[in-house]
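Single-letter residue listing:
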Amino acid sequence: MSDREGHSGLPPVDDDLSLPKATVAKMITELLPSDVTCAKETRDLVIECCVEFIHLISSEANEICEQDSKKTIAPEHIIGALKRLGFESFTEEVEDVLKDHKQQQKDREKKVSKLEQSGKTEEELWEEQQRLFAESRAKYESQQQ
């Protein structure tokens, strides 16, 4: 059963919402000095705090979204929620992360698959691959003699 499933294997209800324990433990370990450890109870408390923080921000963002007569929470709603709740110090970093994310999305969209880029059909590419394998095999075998 994953950390996100309820005790019955059904989708979680509010009381069962959580974050993956292994992921949180890894993040904590990476942030702490090597000579400091984190107790399981502490990790669980961090998870509960994170879930509560997410719930708080989401609820506030939802209110802002409704005030804007929107049906989808957008990044600006999250940033507005952070400001409303007194987390202004987080907004600059959140905006930087959002900017990086948008750039990554643009870069992904620009990438054309090698198949499309080649201008060849799958069959032509497969034939070329077979030819290259044969050439490589012949070269290898001639070196073995």
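Preceding this paragraph is the structure being described.
What comes next is a walk through the structure. What you see is a predicted model, and the numbers here were worked out from it, not measured in a lab.

**Re the packing of helix H2 (residues 40-67) against helix H3 (residues 75-84)**
Alright, step 1. Viewed as axis vectors pointing N to C, H2 and H3 meet at an angle of 110 degrees, and their least axial separation amounts to 8 Å. Between H2 and H3, the angle is such that the two are roughly perpendicular. Pair H2 / H3 crosses with right-handed handedness. Of the residues in H3, those in contact with Phe53, Ile57, Glu60, Ala61, Glu63, Ile64, Cys65 and Gln67 of H2 are His77, Ile78, Gly80, Ala81, Leu82 and Arg84.
Alright, step 2. Residue composition of the contact of H2 with H3, by class: 8 nonpolar, 3 polar and 3 charged.

**Some words on the side chain of Arg43**
Alright, step 1. Considering the arrangement of structural elements, one finds Arg43 in helix H2.
Alright, step 2. Residue contacts for Arg43: discarding those within four places in its chain leaves Lys21, Val24, Ala25, Ile28 and Cys38.

**Brief notes about the environment of Val51**
Alright, step 1. One can find Val51 in helix H2.
Alright, step 2. Excluding residues within four positions of it along the chain, Val51 makes contact with Leu17, Ser18 and Leu19.

**So, the layout of surface pockets**
Rolled over the atoms, a probe as big as a water molecule pinpoints where empty space is left.
Alright, step 1. The calculated volume of the largest pocket comes to roughly 330 Å³.
Alright, step 2. The wall of the largest pocket is formed by Leu19, Val24, Met27, Ile28, Leu31, Val46, Cys49, Cys50, Phe53 and Ile54.
Alright, step 3. Mapped onto the lining of the largest pocket, the elements with two or more residues apiece are helix H1 (21-31) and H2.
Alright, step 4. Here the residues of the lining of the largest pocket are counted per class, giving 10 nonpolar, no polar and no charged.
Alright, step 5. Taken as a whole, the second largest pocket spans an internal volume of roughly 280 Å³.
Alright, step 6. Contributing to the lining of the second largest pocket are Pro75, Ile78, Ile79, Phe90, Glu93, Val94, Val97, Leu98 and His101.

**A word on the packing of aromatic side chains**
Alright, step 1. Enumeration according to the criterion identifies 3 aromatic pairs in this entry.
Alright, step 2. Ring centres of Phe53 and Phe90 lie 6.4 Å apart, and the angle between their planes is 70 degrees; this geometry places the pair in the edge-to-face category. Of this pair, Phe53 sits in helix H2 while Phe90 sits in helix H4 (residues 88-110), and the two are 37 residues apart along the sequence.
Alright, step 3. Overall, the relative accessible area of 33% leaves Phe53 in the partly exposed class.
Alright, step 4. Look at Phe90 and you get partly exposed, because its relative accessible area is 39%.
Alright, step 5. Put simply, the rings of Phe53, Phe87 and Phe90 pair up and form one aromatic cluster.

Each value, and the rule that gives it
Residues numbered from 1 in each chain as written. Predicted model: local features only at pLDDT ≥ 70, side-chain atom pairs only at ≥ 80, totals over all residues. Heavy atoms only, no water. Axes fitted to C-alpha atoms, helices over the stretch in contact; angles between N-to-C directions. Helix = DSSP H or I, 4+ residues; strand = E, 2+ residues; numbered from the N terminus. Parallel < 35°, antiparallel > 145°, perpendicular 65-115°, else oblique. Left-handed = near helix turned anticlockwise from the far one by under 90°. Contact = heavy atoms within 4.5 Å. Nonpolar A, V, L, I, M, F, W, Y, C, P; charged D, E, K, R; others polar. 1 Å grid on protein atoms, 1.4 Å probe; cavity = no way out; pocket = protein on both sides within 12 Å on 5 of 7 lines; lining within 4 Å. Points joined across faces, edges and corners; volume = space filled by probe spheres on them. Phe/Tyr/Trp six-rings, centres within 6.5 Å; stacked < 30°, edge-to-face > 60°. Buried < 20%, exposed > 50% of the residue type's maximum accessible area, 1.4 Å probe, protein only.

Function cannot be inferred from these measures alone, as they are strictly geometric.
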